[in-house]
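Summary of structural features
In case you want the letters, here they are:
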Amino acid sequence: MSAEPNAYAGHQPRMREATLLDRTIAHGGVMSIALFFIVCCLFFSVTTNAFLTAPNLLNIVRQSAPLLIVAAAMTFVITTGGIDLSVGSVLALTATLSAASLQAGIPWPVAILMMLALGALVGVIQGYFIAYERIPAFIVTLAGLSVIRGFALLITGGYSIPIEPTSPFVAIGRAWVFGIPAPALIATVVLVIAYIVFNETHFGRYVTGVGANAEATRRAGVDTRRIILWVYVLSGMAAAAAGIILAARLGSGSSNAGQGFELDVIAAVVLGGTSLFGGRGSLAGTILGALTVAVLANGLILSHLSPFFTPIVTGFIILVAIWLNFRLFRGGARGR
Amino acid sequence: MTDTSVSRVRMTGISKRYGALQSLDNASLDLKPGEVLGLVGDNGAGKSTISKVLSGAVIPDTGTIEIDGRTVSFTSPADARAARIEMVYQDLALCDTIDVAGNLFLGREPKRRLAGVPMLDKTLMHARARDMLSNLGIVIPDTRMKVENLSGGQRQSIAIGRAASFNPSVLIMDEPTAALAVAEVEAVLELIRTVSKRGVSVILITHRLQDLFLVCDRIQVMYEGRNVAERRIEDTNIEEVVNLIVGRKFAARSAGHPAERSVSA
Ligand SMILES: Nc1ncnc2c1ncn2[C@@H]1O[C@H](COP(=O)(O)OP(=O)(O)OP(=O)(O)O)[C@@H](O)[C@H]1O
Ligand SMILES: [Mg+2]
């Protein structure tokens, strides 16, 4: 393998060191959502008096804890190329059942464990049909959305079940630890763990692999079906945790909780730059996406718009943000 | 064959049907330690399918596989990997959104423990990926590049590097040179020679017949899922191989049964 030395020697290497700009473009999804998040915060800080106050900001993180937790798990699901539409229903079922089991005199730690196990069970059942029976995730979890919500309604008869305000259970939703609301603290712990698992472990790597090329990942000796099953177990458990936190904060379990929650979660994940086609996910992006969704909802209420405006504006903003994301930051990946 | 040593691979009676299509029909394959076998045949002859059976990616309907004299049954590619069978797939089987090092180590990423929790050892992975690539003379500027941003030939090199670098005992290459430039093809042929000298058995599938004569010990011809001919490389020439691949088509149509017969030479 020798070549004419003078013609080939001494040419410039075609690769330069990745500059800051290169890296920014490579992480375009995260950068653009960060920018968009900041713009939203600035906008509401200027247009409303109440937005940029410590109580309101803490309120936002407290209220967005369920969204953050489930969006973190949903990032895994969507990165495998799947989707979980049942999270809102699982949230409602676990919220009502945790209230019901406390009413039945079950100790609160047992109730929590039971709810998490229930979420995992839902995930195992859905994951089994998706991973092993190869039914599209959209279909399986759409059926799950309907069935699970139905159970929640059946159990409560449509009423909400109150939780004794003196029960230590409500502390999960209402307590303050070191000046931070407990739900925000729980969400932070979950997000840190999710970030590490997603980026630094074998499981996280195979989640990306399954979404990028499931057959290649299988041929590399990875049990891809188990990976897929697990991501639905994670999202089921995350939805259960969200249901517990919500019930504790509201002091009751309602079978109507979390209507449309799955759409907020998916919007948060997709806003954060995770591709619905799988193979590309970003947990940092998801966190920013979820906070953006929460800030929008909060800011629009503070702007004294009719509350019915919120879904309209949110929907448009999501469309525009993702469109900009596609247009501006397509770099990094090959145009396709 | 008069060779008495135990075969590294012996596949017999392998059949695989996809719906109405009999992809493999009682096919067989024999491979000695250190031997380089050229597998040729028309498009759709079943070359990829029989090699995927050996790599565990396809489970045959019938047939037995023996590795070093022991009967094995691969239920997944992981089993074949454990038996040190590595394959470069025709479609490369790379994950586009994972970086070069991640693809090289896919399925066997080095671990490090952080507070007892197993994690990816990315530093080690990139360092070893750089070594692996430079040992094979593969030029990739940065192991942190995503595979989707590489050229077709570079991607093929990654797939070859992955299969060749983990000390295989059987190396299957399904059209490894299809996208490669002249120098890179030479490097792959050289790689085949080196590893086979070390005792690695190689199956080379290619439509570049001249390459077969540079590295193979033996050629096996497949036609519509069956083995139709086998030649020691010194007993044949390119015209005969061409006729074995193509000529059969016409012979088979009239005869209905492609009995082995010499077409020319
Ligand atoms: N997963 C599958 N589903 C259905 N049919 C398949 C599948 N895999 C292979 N086949 C069929 O089996 C036959 C043999 O395919 P195979 O890929 O082994 O051919 P090949 O000899 O490798 O051809 P080529 O030279 O074009 O790569 C083809 O007719 C193909 O259509
Ligand atoms: Mg093929």
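Definitions and cut-offs
- Residues numbered from 1 in each chain as written.
- Chains lettered and ligands numbered in written order.
- Predicted model: local features only at pLDDT ≥ 70, side-chain atom pairs only at ≥ 80, totals over all residues.
- Heavy atoms only, no water.
- UniProt positions renumbered as here; feature names shortened; annotations may be inferred.
- Pairing = 2+ DSSP bridges.
- Helix = DSSP H or I, 4+ residues; strand = E, 2+ residues; numbered from the N terminus.
- Donors = N, O, S within 2.8 Å, 3.2 Å for Na, K, Ca; no water.
- Buried < 20%, exposed > 50% of the residue type's maximum accessible area, 1.4 Å probe, protein only.
- Axes fitted to C-alpha atoms, helices over the stretch in contact; angles between N-to-C directions.
- Contact = heavy atoms within 4.5 Å.
- Salt bridge = Lys/Arg side-chain N within 4 Å of Asp/Glu carboxyl O.
- Buried area = accessible area lost by both parts, 1.4 Å probe.
- Polar contact = N/O pair within 3.5 Å; in protein donor to acceptor, adjacent residues only side chain to side chain.
- Nonpolar A, V, L, I, M, F, W, Y, C, P; charged D, E, K, R; others polar.
- Phe/Tyr/Trp six-rings, centres within 6.5 Å; stacked < 30°, edge-to-face > 60°.
- Lys NZ or Arg CZ within 6 Å of the ring centre and 35° of its normal.
- Patch = residues over 30% accessible without salt bridge, like charges linked within 9 Å, V, L, I, M, F, W, Y side chains within 5 Å.
- Areas by Shrake-Rupley, 256 points an atom, 1.4 Å probe, with all protein chains shown as cover.
- Near = heavy atom within 4 Å.

By the naming in an unreviewed UniProt entry, chain B goes by Sugar ABC transporter ATP-binding protein and is assigned to Rhizobium straminoryzae.

As recorded in an unreviewed UniProt entry, chain A goes by the name ABC transporter permease, listed as coming from Rhizobium straminoryzae. Database annotation for chain A, UniProt heading Subcellular location (unreviewed entry): "Cell membrane".

What about the pairing of strand β2 (residues 21-31) of chain B?
Taken together, the seven bridges between strand β1 (residues 9-18) of chain B and β2(B) define a ladder with antiparallel strand orientation. From the neighbouring strand, Val9(B) faces β2(B), where its bridge partner is Leu31(B).

Remarks on the coordination of the magnesium ion (ligand 2)
Note on metal sites: the ideal angle is 109.5 degrees for four tetrahedral donors, and 90 or 180 degrees for six octahedral donors. Protein coordination at the magnesium ion (ligand 2) comes from Ser48(B) (OG) and Gln90(B) (OE1), with a distance range of 1.9 to 2.1 Å. With a gap of 42 residues between them, Ser48(B) in helix α1 (residues 47-54) and Gln90(B) in the loop between β6 (85-88) and α3 (100-104) connect regions that are remote in the sequence.

Notes on unusual backbone geometry
Residues and elements named next belong to chain B. At alanine 93, a position not held by glycine, the phi torsion is positive, near 55°. On the accessibility criterion, alanine 93 (3% relative accessible area) is buried. With phi around 45°, glutamate 224 is a residue other than glycine that occupies positive phi space. Position of glutamate 224 relative to the elements: it lies in the loop between β11 (218-223) and β12 (226-232).

Structural notes on the pairing of β11(B)
Residues and elements named next belong to chain B. A large share of β11 lies buried, amounting to six of its six residues. Side chains of β11 alternate between two faces, with Arg218, Gln220 and Met222 and Ile219, Val221 and Tyr223 buried alike. As paired elements, strand β3 (residues 36-41) and β11 share five bridges and run parallel to each other. Looking at the pairing, leucine 37 lines up with arginine 218 of β11. As defined by bridge partners, β11 adjoins β12 across six bridges and the pair is classed as antiparallel. Considered in β12, the bridge of valine 221 is made with alanine 229. Taken together, β11 and the strand that follows it, β12, pair antiparallel across an intervening segment of two residues, in which glutamate 224 is found at a positive phi of about 45°.

Focus on the sheet that holds β12(B)
All names here are of chain B. If you walk across this open sheet you meet the six strands as β6-β9-β10-β3-β11-β12, and the pairing is mixed. The open sheet has two free edges, formed respectively by β6 and β12, since each of these has just one partner strand. Going across the sheet, the axis of each strand differs from the next one's by a mean of 20°, ignoring polarity. Each of β6 and β9 (170-174) is contacted by helix α5 (residues 152-164), which is oriented at about 175° to β6, the strand it contacts most.

Details of the pattern of salt bridges
Residue and element names in this part refer to chain A. Enumeration according to the criterion identifies 20 salt bridges over all chains in this entry. Of the charged contacts in the structure, one is a salt bridge between glutamate 215 and arginine 218, with a shortest N-O distance of 3.1 Å. You can see glutamate 215 and its partner arginine 218 sitting in helix α10 (residues 202-219), three residues apart, about one turn around the helix. One salt bridge in this structure joins arginine 219 and glutamate 215, with 2.9 Å as the shortest N-O distance.

Digging into the interface of chain A and chain B
Taken together, the contact pairs 26 residues of chain A with 37 residues of chain B. Summed over the three residues of chain A that lose the most area to chain B, namely His202(A), Arg205(A) and Arg219(A), the buried surface amounts to 30% of that side. Seen at the junction of chain A and chain B, the total is four salt bridges. With its nearest N and O atoms 3.9 Å apart, the salt bridge here joins Glu200(A) to Arg112(B). For the pair chain A and chain B, the interface holds eleven residue pairs in polar contact (both at pLDDT 80 or more). Secondary-structure elements contributing two or more residues to the side of chain A that touches chain B are α9 (182-200) and α10 of chain A. Top element by residues in the side of chain A that touches chain B is α10(A). It accounts for eleven residues. Here the residues of the side of chain A that touches chain B sort into nine nonpolar, ten polar and seven charged.

Topic: the packing of aromatic side chains
Counting across every chain of the model gives seven aromatic pairs over all chains. Ring centres of Phe105(B) and Phe166(B) lie 5.5 Å apart, and the angle between their planes is 85°; this geometry places the pair in the edge-to-face category. With a gap of 61 residues between them, Phe105(B) in the loop between α3 and β7 (111-114) and Phe166(B) in the loop between α5 and β9 connect regions that are remote in the sequence. With a relative accessible area of 19%, Phe166(B) lands in the buried category. Among the aromatic side chains, those forming a connected cluster through ring pairs are Phe43(A), Phe44(A) and Phe51(A). Positioned over the ring face of Tyr89(B) is Arg219(A), at 4.2 Å from the centre of the ring.

Observations concerning a nonpolar patch on the surface
Residue and element names in this part refer to chain A. A surface patch of nonpolar side chains, amounting to about 790 Å² of accessible area, comprises Leu121, Ile125, Tyr128, Phe129, Tyr132, Ile135, Phe138, Ile139 and Leu142. At the level of secondary structure, the elements contributing two or more residues to the nonpolar patch comprise α6 (108-132) and α7 (137-156). When residues of the nonpolar patch are assigned to their parent elements, the largest contribution, five residues, is made by α6. Structurally, tyrosine 128 can be placed in helix α6.

Digging into the site of ligand 1
Residues and elements named next belong to chain B. The local shell around ligand 1 holds 14 residues, among which Ser23, Gly44, Lys47, Ser48 and Thr49 are the closest. Between ligand 1 and the protein, one listed contact pairs an oxygen atom with a backbone N or O atom of glycine 44 at 2.8 Å. Measuring from an oxygen atom of ligand 1, one finds a side-chain N or O atom of glutamine 90 at 2.9 Å. Relative to its unbound accessible surface of 640 Å², ligand 1 loses 65% to contact with the protein. For the shell around ligand 1, the secondary structure elements donating two or more residues are β2 and α1. Among the elements that line the shell around ligand 1, the one with the most residues is α1, at three residues.

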